[in-house]
Structures are given as C-alpha cells and as structure tokens.
Amino acid sequence: MNYHALLTVIFFVAFLALVGWVYRPSRKRDYQRLGEIPLNTDPLGPASRDGQDPRQGDH
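Residues numbered from 1 in each chain as written. Predicted model: local features only at pLDDT ≥ 70, side-chain atom pairs only at ≥ 80, totals over all residues. Heavy atoms only, no water.

**Student:** Please explain a nonpolar patch on the surface as it appears in this structure.
**Tutor:** On the surface, a nonpolar cluster with roughly 580 Å² of combined accessible area is contributed by Tyr3, Leu6, Leu7, Ile10 and Phe11. Mapped onto the fold, Leu6 is located in helix α1 (residues 3-22). With relative accessibility at 38%, the residue Leu6 sits in the partly exposed group. (Patch = residues over 30% accessible without salt bridge, like charges linked within 9 Å, V, L, I, M, F, W, Y side chains within 5 Å. Areas by Shrake-Rupley, 256 points an atom, 1.4 Å probe, with all protein chains shown as cover. Salt bridge = Lys/Arg side-chain N within 4 Å of Asp/Glu carboxyl O. Helix = DSSP H or I, 4+ residues; strand = E, 2+ residues; numbered from the N terminus. Buried < 20%, exposed > 50% of the residue type's maximum accessible area, 1.4 Å probe, protein only.)

**Student:** Even after reading the chapter, I still don't get the packing of aromatic side chains, so can you show me in this structure?
**Tutor:** Each aromatic ring pair is specified by the distance between its two centres and by the angle formed by the two planes. For the coordinates displayed, the defined rule picks out 0 aromatic pairs. One cation-aromatic arrangement involves Arg27 over Trp21; the distance from NZ or CZ to the ring centre is 5.9 Å. Against the face of Tyr31 rests Arg27, its NZ or CZ located 5.1 Å from the ring centre. (Phe/Tyr/Trp six-rings, centres within 6.5 Å; stacked < 30°, edge-to-face > 60°. Lys NZ or Arg CZ within 6 Å of the ring centre and 35° of its normal.)

Structural data, given as structure tokens:
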C-alpha cells in the first residue's frame, strides 16, 4: 500500500467521523435553536421590540 492510498483512507475515515459527529441526535436541539437565529433577529434594532417605531421619534 502506497502513501496516497493510505492518506485517502485516513481522510475518508476522518470525513465519516466528522459527518457522524455533526449529525448525532443529541445535537438536534442545538441546530434547531441556531437555525431560528435569522427569524429572531430584529432588523430595526432593540427599540422596535416594545412596539415603538424608532423612525418616528418622540411624538
């Protein structure tokens, strides 16, 4: 067995280990929480969370 074949096998096993680590069932809750970050981000900033529009000022 030459070094190229050995490196290919090592990288393939490392790839399978990485895929197994990423897709393990115990991480599902974390990935769901991280996937909701774009939905929870408020583009107008923290002042718009209390119902006030920051563009209108203090009228």
